[in-house]
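Residue-level structure breakdown
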Amino acid sequence: MRILVTGCAGYIGGTFTFEALKRGFKVIGIDSFINGKKNNIKFFLENYRESFKFIEEDLSDYKAEKLKKELDSIKIDVAVHCAGLKSVDESEKEPLLYWKNNVDSTINLLNILSNSNVRKVIFSSSATVYGDSDIHPILEDFGIEPVSTYGSTKVAIEQMLKDSSRSKKFDVVSLRYFNPVGSHKEMKVYESPYSMPNNLMPRIIRVALKLDQKLQIYGTDYDTRDGTGERDYIHIDDLVEGHFKAVEYIKDFKGYEVFNLGTGTSITVKEIISCFEEVNGIKISHEYADRRPGDIAKCYADPSKANNLLGWSAQKNLEDMCRDAWKAIKNNLNDAK
Ligand code: UDP
């Protein structure tokens, strides 16, 4: 089976690519290196010369000549579309950049796939599409009310994919990720803490590395267990496993389907800090700060649809996530940048 992976140099696309190569799939990867790491591609090319092919290209560039040429000669069975910008904060400052990079590039990708008769698409969506839901845990049919431009682009892409599936050109599975953290079991692909991340785990890692003096905890007066934000953190290995289940599922599936990929458990900011400290024996200095604009109090999944239809459930716990996130950085101190 041949899989096209967009965003194959990034944290999620790269982890999926590595695992797909290990499992014997052939992978055509594409990345523009806006956020992805060249080291990941170097590693895949060195270790999977026969089964990995890389295209450096920006999908929001309508020409995308390299990809078009590649698909003229190679038959792709499934496209796993992970490419996209993902900072909520940046999306609020640069909305058009997000619409171009996330939405335009997906229109372009779908046109190219359609011309090459690729009809199976798995899309990296996000729990951000639910916005600030009053009810938890969140089911897939709850209201869609994104509260950021990033979220709006995910909703727009989901809608585009749903409409395209009605035209019978595509069969699509959208995977709504909750909060992926941790590192792949072999610690070769991981989330970089060096490029000024906004997310909690890489920021904790920055404090552990002494790149930052203190972690700021954004908001201690939320209506949650301890006043700090509650999220559904999911180990990257579990998230990636969900993609392989989706690859199986989509083979015989026709239409459009969406799944939550989360554990169903909520964890507060204070709880994740304590767990990280305990598991790794490192003190994470922190201070309390105001709420971050655009943040919500809580967000966690009801993953029963993925349990029932994909036969998938998360296996790893918060300790695994904290241990693996730190271990990957410790193991790769020389080239983690
Ligand atoms: N958070 C924090 N300090 C940080 C980064 C994040 O307190 O430096 C909190 C944030 O307010 C939220 C949780 O950690 O409650 C998860 O934030 P993240 O950005 O990782 O995910 P998202 O908000 O997109 O779910």
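Right above here is the structure, for reference.
Model, not experiment: these values are computed from the prediction.

Take the overall build of the protein next. Secondary structure assignment for the protein yields 11 helices and 14 strands. For 337 residues, the compact-globule formula gives about 20 Å, and the C-alpha radius of gyration of the protein, at 19 Å, lands near that figure. Taking all 337 residues of the protein together, 56% fall into the buried category. Sequence separation of 24 or more characterises 80% of the internal contacts of the protein that already satisfy a separation of 6 or more. A total of about 15,000 Å² of accessible surface is found on the protein, and carbon and sulfur atoms cover 46% of it. Each charge sign in the protein was given a centre, from 47 positive and 50 negative side chains, and these centres are 5 Å apart.

It is worth spelling out the sheet that holds strand E3 (residues 52–56) at this point. Taken in spatial order, the seven strands of this open sheet run E3-E2-E1-E4-E5-E6-E11, and their pairing is parallel. Of all strands in the sheet, those with a lone pairing partner are E3 and strand E11 (256–261), marking the two edges. Strand after strand, the sheet turns through a mean of 20° between neighbouring axes, direction not considered. Across seven bridges, strand E5 (residues 120–126) lies against strand E6 (residues 171–177) in parallel orientation. Residue pairing across strands places Val121 opposite Val172, the latter belonging to E6. Strand contacts of helix H8 (residues 236–251): strand E4 (78–81), E5, E6 and E11, with the helix running at about 160° to E6, the strand carrying the most contacts.

Now for the pattern of salt bridges. Scanning all chains against the criterion turns up 25 salt bridges. Arg119 is the partner of Asp171 in a salt bridge, and the nearest nitrogen-oxygen pair spans 3.1 Å. In this pair, Asp171 is assigned in strand E6 and Arg119 in the loop between helix H5 (95–115) and E5, connecting sequence segments 52 residues apart. Given the relative accessible area of 1%, Asp171 is considered buried. Put simply, Asp212 and Arg206 hold a salt bridge, and the shortest N to O gap is 2.9 Å.

With that settled, the discussion passes to the nonpolar core. Side chains that are nonpolar tend, in soluble globular proteins, to be buried together. The biggest cluster of nonpolar side chains holds 41 residues, and the ones touching the most others in it are Phe16, Phe52 and Ile122. Tallying contributions element by element places H8 first for this core, with seven residues. The contacts of Ile122, once residues within four sequence positions are left out, are Val78, Ala79, Val80, His81, Val173, Leu175, His243, Ala246, Val247 and Ile250.

Turning to H5, a few remarks are in order. Between its terminal C-alpha atoms H5 stretches 29 Å, which fits the 30 Å expected from 21 residues at 1.5 Å a residue. Residues of H5 that are buried: Tyr98, Asn101, Asn102, Val103, Ser105, Thr106, Asn108, Leu109, Leu110, Ile112 and Leu113. The inward-facing, buried residues of H5 abut strand E1 (2–6), helix H3 (65–73), E4, helix H4 (88–93), E5 and helix H6 (149–166). Just past H5, the residue Asn117 takes up positive phi, approximately 60°.

Moving on, we come to the packing of aromatic side chains. Following the criterion strictly, the structure yields 13 aromatic pairs and no others. For the pair Phe18 and Phe44, a centre-to-centre distance of 6.3 Å together with 35° between the ring planes defines the contact as tilted. Of this pair, Phe18 sits in helix H1 (residues 11–22) while Phe44 is found in helix H2 (residues 38–47), placing the two residues 26 residues apart along the sequence. Of the two residues, Phe18 and Phe44, both sit in the buried class. These aromatic residues form a ring-pair network of at least three members: Phe18, Phe33, Phe43, Phe44, Tyr48, Phe52 and Phe54. Lying over the aromatic face of Phe259, Lys305 brings its terminal NZ or CZ to 5.3 Å of the ring centre.

Once that is clear, we can look at the pairing of E11. The buried fraction of E11 is high, at six of six residues. Side chains of E11 alternate between two faces, with Tyr256, Val258 and Asn260 and Glu257, Phe259 and Leu261 buried alike. Here E6 runs beside E11; their pairing, made up of six bridges, is parallel. When the sheet's bridge partners are listed, Tyr177 is paired in E11 with Leu261.

Right, let's talk about the state of the cysteines for a bit. Summed over all chains, the structure comprises zero disulfides. Just so you know, Cys275 is unpaired, no disulfide at all, and the nearest cysteine sulfur is the one on Cys322, 3.8 Å from it. A residue is classified by how much of its surface remains accessible, and Cys322, at 0% relative accessible area, is buried.

The next subject is the site of the ligand. Taken together, 15 residues form the shell around the ligand, and within it Leu200, Gln216, Arg231, Arg292 and Asp295 come nearest. With respect to the ligand, the side chain of Asn179 contributes an N or O atom lying 2.9 Å from an oxygen atom. Backbone polar atom of Leu200 to an oxygen atom of the ligand: 2.9 Å apart, as the coordinates give it. Expressed as a share of its isolated accessible area of 510 Å², the protein-covered part of the ligand is 90%. Breaking the shell around the ligand down by element, the ones donating at least two residues are helix H7 (200–208) and strand E8 (215–218). Across the shell around the ligand, the residue classes tally to six nonpolar, five polar and four charged.

Cut-offs applied
- Residues numbered from 1 in each chain as written.
- Predicted model: local features only at pLDDT ≥ 70, side-chain atom pairs only at ≥ 80, totals over all residues.
- Heavy atoms only, no water.
- Helix = DSSP H or I, 4+ residues; strand = E, 2+ residues; numbered from the N terminus.
- Rg over C-alpha atoms; globule rule 2.2 N^0.38 Å.
- Buried < 20%, exposed > 50% of the residue type's maximum accessible area, 1.4 Å probe, protein only.
- Contact = heavy atoms within 4.5 Å.
- Areas by Shrake-Rupley, 256 points an atom, 1.4 Å probe, with all protein chains shown as cover.
- Lys, Arg positive; Asp, Glu negative; His and termini not counted.
- Charge placed at Lys NZ, Arg CZ, Asp CG, Glu CD.
- Pairing = 2+ DSSP bridges.
- Axes fitted to C-alpha atoms, helices over the stretch in contact; angles between N-to-C directions.
- Salt bridge = Lys/Arg side-chain N within 4 Å of Asp/Glu carboxyl O.
- Core = buried A, V, L, I, M, F, W, Y, C linked by side-chain atoms within 4.5 Å.
- Expected span 1.5 Å × (residues − 1).
- Phe/Tyr/Trp six-rings, centres within 6.5 Å; stacked < 30°, edge-to-face > 60°.
- Lys NZ or Arg CZ within 6 Å of the ring centre and 35° of its normal.
- Disulfide = S-S within 2.5 Å.
- Near = heavy atom within 4 Å.
- Polar contact = N/O pair within 3.5 Å; in protein donor to acceptor, adjacent residues only side chain to side chain.
- Nonpolar A, V, L, I, M, F, W, Y, C, P; charged D, E, K, R; others polar.

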